[in-house]
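Per-entry structural report
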Amino acid sequence: MVPGGFGIMGIEGKIKAAEYARENKIPYLGVCLGLQVATIEFCRNVLGMEGANSTEFDEEPAHAAVVFMPEISKTHMGGTMRLGTKPTPFLVDDCKIRRLYGGEGHVDERHRHRYEVNPELIGDIEEAGLVYVGKDETGERCEIMELDGHPYYVGTQYHPEFKSRPDRPSPPFLGLLMAASGMEI
Amino acid sequence: MFPPKGLDKVSTYLSQGPGNKDPVAVYARHVLAVILTILEIKEGRNRNLCANVDRGWASDSDPVDEMKYVVVTGGVLSGLGKGVTASSIGVLLKSAGLRVTAVKIDPYLNEDAGTMSPFEHGEVFVLDDGGEVDLDLGNYERFLDVCLTRDNNITTGKVYNKVIQKERRGDYLGKTVQVIPHITNEIQDWIERVAHTPSDGNGKEPDACVIELGGTVGDIESAPFVEALRQFQFRVGQENVCFVHVSLIPVMGPVGEQKTKPTQHTVKELRGLGINPHMLVCRSKSPLIDETRNKISAFCHVPPEAVVSAHDVSNIYQVPIMLESQGVTSMLADRFGFEIPAKRKVLDDWKELADHVDTLDDAEEVHIAVAGKYTDLADSYLSVIKALQHASFKVNRKLVIDWIESSALDGDGSWWIRHHGD
């Protein structure tokens, strides 16, 4: 599992972790930055985009897989991220993560981020099998990713952990634990 | 050109309903479903707040006629588990049928926790309204099953900001603006306002509010808050306030004597500031012995039964049960004048959960490797850990988290192979 975070320290290690989980079919859950590193890894190693990176870590990467969201302030740090509960409609009829959410048409989860998957690359990435099954209500911002043909390779741009309850675990986390315990989702 | 060519065909498909299995028809229905979902979201965004809260627990009865406040302060040192104590008291009130909300006071000058390093302060918790707050708010949301707002986290920065804005607007009519009464009044107004804000998803005003004062009593930064809380008991009526002080009982020497002096000192300090605690919660390794309890009672001006032992337990869900078994709920009922119902489903469910978690110690393990940056301080990933734990309860496995400092990951992912063989 790769949780959220900021800054460049340890980023290559996280990308390696995503690569290892993808190639060896080990259950993977990436939250926020965890979704972004999985996307960067996929661009580099599946789509062959050498030097793909986030503009958070490399101002002018060969391929910008993850980019700064246009509406965010570059001068003020306090309270200027994309924050709080936003709805995410599912764009596919059936996928593991939607099943985990009980088949709901959309989910309401909490956000905290400044960067997003580069909208210009979504088409290429999805064609190669990493599908953004949930996007925000404009249909452009990637929120949930799921990899075809993998036991559980899921990322969420939002932070599902904030709404977990002792008796009602957060669905993406439940999926990870189910997959890690060898259960069918 | 509008309508585009072929649109009539799509509408024919849609009118035929799910019976038509033609791929174009299936796709058209899917697109329509997504569009409808998006329209629904756009019309009623705010209704989706508190979406995860269980609304089914409470009856419509009104157990109390006035708002009840439990104020939790701490002494000796920080990190005693004030947050867990306060949340657990909230659970007990809820189990007696009260709607409970919570306020966390952080005396630091930051406006909110958003710019604070997780290294230093633990995770930044995010609320439905986008508030970036102290991680204790997460404890409250998880324990009480509520959804809170940014206003439920009061900081010195927020209070001063508000008072200075008022001063600039001229609201104080030429008066000299001072800590007492302007800051202290603002704090009290704030607490009262937030306490009355519905938080359990049913849209009803809470019956009780648990207020946790961060830091330890005697800190310079918390002084205005302690003073505000002292005045607050007279504003809302003493019968509506219960002061709970959390302290530490260290154990010394080869015989393991429980030492009471730090507790005596911190209570003395608190009383010197004008607050007489009604209950003392004593953190210790093992249960308080009667001698310790009586000594604390004698020196701290509380009856022996109000000296509550908060010793180490097998898991945090046992804490409300431990407090219940020492009569905390009935003490609160006596003070606040409410009846404890014979059947308390919230408490029964809680016991079941606590015992279930205990049984997982012997269950099959599930290993989750977490590759992160702040792996030295588990508080940096508190909600992630909690979410993993909650999920492990559901799949009946013993959760083992393998922390990986991501900067230490080898180039070929061999960390995993070294540790797991495959």
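Residues numbered from 1 in each chain as written. Chains lettered and ligands numbered in written order. Predicted model: local features only at pLDDT ≥ 70, side-chain atom pairs only at ≥ 80, totals over all residues. Heavy atoms only, no water.

**Structural notes on helix H6 (residues 156-169) of chain B**
All names here are of chain B. For H6, with 14 residues, the first-to-last C-alpha span of 20 Å sits near the 20 Å given by 1.5 Å per residue. Within the sequence span of H6, burial applies to Thr-156, Gly-157, Lys-158, Val-159, Val-163 and Lys-166. On its buried face, H6 is in contact with strand E2 (100-106), strand E5 (153-155), helix H7 (179-195) and helix H8 (223-236). (Helix = DSSP H or I, 4+ residues; strand = E, 2+ residues; numbered from the N terminus. Expected span 1.5 Å × (residues − 1). Buried < 20%, exposed > 50% of the residue type's maximum accessible area, 1.4 Å probe, protein only. Contact = heavy atoms within 4.5 Å.)

**Topic: the packing of H6(B) against H7(B)**
Residue and element names in this part refer to chain B. At a closest axis distance of 10 Å, the pairing of H6 and H7 adopts a crossing angle of 115°. Taken as axis vectors, H6 and H7 run roughly perpendicular relative to one another. You can see that H6 and H7 cross each other, and the crossing is right-handed. Listed contacts from H7 to Lys-158, Val-159, Tyr-160, Lys-162, Val-163 and Lys-166 of H6 are Val-179, His-182, Ile-183, Glu-186, Ile-187, Trp-190 and Arg-193. When the residues that make up the contact of H6 with H7 are grouped by side-chain class, the tally is 7 nonpolar, 1 polar and 5 charged. (Axes fitted to C-alpha atoms, helices over the stretch in contact; angles between N-to-C directions. Parallel < 35°, antiparallel > 145°, perpendicular 65-115°, else oblique. Left-handed = near helix turned anticlockwise from the far one by under 90°. Nonpolar A, V, L, I, M, F, W, Y, C, P; charged D, E, K, R; others polar.)

**Here we look at the interface of chain A and chain B**
Facing 52 residues of chain A, the contacting portion of chain B comprises 63 residues. Between chain A and chain B lies a buried interface of about 4800 Å² when both sides are counted; carbon and sulfur atoms form 62% of it. Of all residues in chain A, Arg165(A), Pro166(A) and Leu177(A) give up the largest surface area on contact with chain B, accounting jointly for 14% of the area buried on that side. Summed over the shared surface of chain A and chain B, the result is 6 salt bridges. Salt-bridge contacts for Arg110(A) lead to Glu141(B); the nearest nitrogen and oxygen are separated by 2.9 Å. (Buried area = accessible area lost by both parts, 1.4 Å probe. Salt bridge = Lys/Arg side-chain N within 4 Å of Asp/Glu carboxyl O.)

**Notes on the pattern of salt bridges**
The final tally for this structure, using the stated rule, is 34 salt bridges over all chains. The residue Arg165(A) makes a salt bridge to Asp145(B) at a minimum N-O spacing of 2.7 Å. Residue Arg165(A) is located in the loop between strand E9 (153-156) and helix H5 (171-180), and its partner Asp145(B) is located in the loop between helix H5 (136-144) and E5; the two belong to separate chains. For Arg165(A), a relative accessible area of 1% gives the class buried. On the basis of relative accessibility, which here comes to 7%, the residue Asp145(B) falls in the buried class. Between Asp171(B) and Arg169(B) there is a salt bridge, with its nearest N and O atoms 2.8 Å apart. Overall, the relative accessible area of 38% leaves Asp171(B) in the partly exposed class. Via salt bridges that share partners, Arg110(A), Lys163(A), Asp128(B) and Glu141(B) belong to a single interconnected network.

**Some words on the nonpolar core**
With 53 residues, the main nonpolar core has Leu93(B), Leu332(B) and Phe338(B) as its most contacted residues. In terms of residues, this core owes the most to one element, helix H3 (residues 82-95) of chain B, which gives 6 residues. Excluding residues within four positions of it along the chain, Leu93(B) makes contact with Val70(B), Leu98(B), Val100(B), Ala208(B), Leu332(B) and Phe338(B). Counting residues in each nonpolar core, the second largest holds 35 residues, with Ile15(A), Ile26(A), Leu35(A) and Leu130(A) among its members. (Core = buried A, V, L, I, M, F, W, Y, C linked by side-chain atoms within 4.5 Å.)

**Structural notes on the side chain of Glu186(B)**
For Glu186(B), the location among the structural elements is in helix H7. Residue contacts for Glu186(B): discarding those within four places in its chain leaves Val159(B), Lys162(B), Val163(B), Lys166(B) and Tyr172(B).

**A look at a nonpolar patch on the surface**
All names here are of chain B. Taken together, Tyr-27, Val-31, Leu-32, Ile-35, Leu-36 and Leu-39 make up a surface patch of nonpolar side chains, about 540 Å² in accessible area. Mapped onto the elements, Leu-32 comes out in helix H2 (residues 23-43). Judged by its relative accessible area of 37%, Leu-32 falls in the partly exposed class. (Patch = residues over 30% accessible without salt bridge, like charges linked within 9 Å, V, L, I, M, F, W, Y side chains within 5 Å. Areas by Shrake-Rupley, 256 points an atom, 1.4 Å probe, with all protein chains shown as cover.)

**Here's the deal with the domain arrangement of chain B**
Domains assigned within chain B are domain 1 (7-43), domain 2 (68-342) and domain 3 (363-420). Between domain 1 of chain B and domain 2 of chain B, the C-alpha centre-to-centre distance is 53 Å. (Domains from an automatic or database assignment.)

**Concerning the packing of H3(B) against H5(B)**
Residues and elements named next belong to chain B. Put simply, H3 and H5 touch, their axes get as near as 9 Å, and they point 25° apart. The angle between H3 and H5 places the two elements in the roughly parallel class. For the crossing formed where H3 meets H5, the hand is right-handed. Facing Gly-83, Val-84, Ala-86, Ser-87, Ser-88, Gly-90, Val-91 and Lys-94 of H3, the residues of H5 in contact are Asp-136, Asn-139, Tyr-140, Phe-143 and Leu-144. Tallied by class, the residues present in the contact of H3 with H5 amount to 6 nonpolar, 5 polar and 2 charged.

**Quick notes on unusual backbone geometry**
Residue and element names in this part refer to chain B. Cis peptide bonds are those with omega within 30 degrees of zero, and the linkage from Ile-180 to Pro-181 qualifies with 10°. For Pro-181, the location among the structural elements is in helix H7. The backbone of Asp-145 sits at a positive phi, close to 50°, despite the residue not being glycine.

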